[in-house]
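Fold and contact review
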Amino acid sequence: MADFSCYHDWGIGIATINGVSMVINIIHLITIAAMESLKGLPYRWILIHITLADIGSALTLTAAYICLPGFVLISKLTPNTRPLSALIMWPQYTSYWIFLIAFIERYYGICRPLLYSASTFKRYLAWILALTWLLNGSLLALMVALRPVAGNELVIYLRASRILNIAARYVPLVLSAIPLTKIIKALIRMRGSRKNDRQMRRASVYLIIIYSLFTLFSTFDSVITSIATAHPFLMPFRATRLINITKPVYGIINTVIYGLRTKAYRKQVRKIFCRENQVCTTS
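This text gives an overview of the structure that appears in the document.

1. Focus on the overall build of the protein chain
Scanning the protein chain for helices and strands turns up 12 helices and zero strands. The helix and strand sequence of the protein chain, counted from the amino end, reads α-α-α-α-α-α-α-α-α-α-α-α. Expressed as a percentage of the 283 residues in the protein chain, the buried residues total 42%.

2. Things to note about the packing of helix α2 (residues 42-65) against helix α7 (residues 125-145)
Close contact between α2 and α7 brings their axes to 9 Å; oriented N to C, the two are set at 20°. In this view, α2 runs roughly parallel relative to α7, as classed from their interaxial angle. As α2 runs across α7, the sense of the crossing is right-handed. Between α2, through P42, W45, I46, H49, L52 and A53, and α7, the contact on the second element is made entirely by L125, A126, L129, A130 and W133. Of the residues that constitute the contact of α2 with α7, the class distribution is 10 nonpolar, one polar and no charged.

3. As for a positive patch on the surface
The grouping of R112, K182, K185 and R189 at the surface amounts to a positive patch. As for its placement among the helices and strands, K185 is situated in helix α9 (residues 177-189). Classification of K185 as exposed rests on a relative accessible area of 52%.

Conventions used here
Every residue gets a number counted from 1 within its own chain, in the order that chain's sequence is written. For this predicted model, a pLDDT threshold of at least 70 governs which residues receive local features, and a threshold of 80 or more governs which side-chain atom pairs are given and counted, while totals over whole chains, interfaces and linings are taken from all residues. Side-chain descriptors were evaluated using all non-hydrogen atoms of the structure, hydrogens and water having been removed beforehand. Numbering of helices and strands starts at the N terminus; helices are DSSP runs of H or I of at least 4 residues and strands are runs of E of at least 2. In this scheme, a residue with accessible area under 20% of its type's maximum is buried, one over 50% is exposed, and one in between is partly exposed, where area comes from a 1.4 Å probe on protein chains only. Angles shown run from 0 to 180 degrees and are taken between the N-to-C directions of axes, each axis being a line fitted to C-alpha atoms and, for helices, limited to the stretch in contact. Roughly parallel here means an angle under 35 degrees, roughly antiparallel means over 145, roughly perpendicular means 65 to 115, and every remaining angle is called oblique. Each crossing is labelled by how the near helix is turned from the far one, with a counterclockwise turn of less than a right angle marking it left-handed and a clockwise turn marking it right-handed. Here, two residues are considered to be in contact whenever any of their heavy atoms come within 4.5 Å of each other. Note that Gly is not counted as nonpolar here; it falls among the polar residues with everything else outside the nonpolar set of Ala, Val, Leu, Ile, Met, Phe, Trp, Tyr, Cys and Pro and the charged set of Asp, Glu, Lys and Arg. Without a salt bridge and with relative accessible area above 30%, a residue can belong to a patch; like charges are then joined within 9 Å and nonpolar side chains (Val, Leu, Ile, Met, Phe, Trp, Tyr) within 5 Å. In this description, accessible areas are obtained by the Shrake-Rupley approach with a 1.4 Å probe, and a residue is regarded as covered only by the protein chains that are shown. When a carboxyl oxygen of Asp or Glu is within 4 Å of a side-chain nitrogen of Lys or Arg, the pair counts as a salt bridge. Positive charges are assigned to Lys and Arg, negative charges to Asp and Glu, while His and the chain termini are left out of the count. Throughout, a charge is located at the NZ atom of Lys, the CZ atom of Arg, the CG atom of Asp or the CD atom of Glu.

And the structure:
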């Protein structure tokens, strides 16, 4: 596996931090799935899918860097590691669309509450989120299926690959700015409003915070990749190593922020880890 440092100090470090992120996010998933305050809310499905994307990213990177036999087999059956890279990119690329759907849901919930209450979008939100995984998987599979050849066909391949990459990654990033801008304006107007609106506001602020972090880490990914491609002499090590260390850091920060902002979440964590005969202190 040419692009991955199996049994190397870098590989062990990357696998370890991704493994930690995966465990933390699995606990996070169990916690939000058990929270009574979230049951029946569309927002719950958004949190679940954001967490699943973080788990998927950490899982594939951990498996790649510990050289799991199945991943080694993929590298041996193909002349390059594009299928493996696509599998690793799948959760991250899906995250862009999950955030877009999340902001559309927040926009209707805050700015169009009457329309939102009986909307088909709200009713089928869980299926729409699941569909994003299928669509992104199909786009990445198509990128892998396109094979570079010589001459004019190579130019066509490069253009097609670039278009698919933009469709999977940057289109939802740009589109998210539209509902996001409207949500921020609405949140400013909602300051000091009644309790139900404050709950909606807190959920929206959390999404904005973690989306900002996600965008920051994604921008870092793009900058490092561009530098490594245009000026490889500036990178004394493989750019993928640095990128694959930062991905799990986002996944960990994401859960910490939610825990710090949500008292019900902290109580649920204590319920999970405290035995029945233990007395858990309350915050």
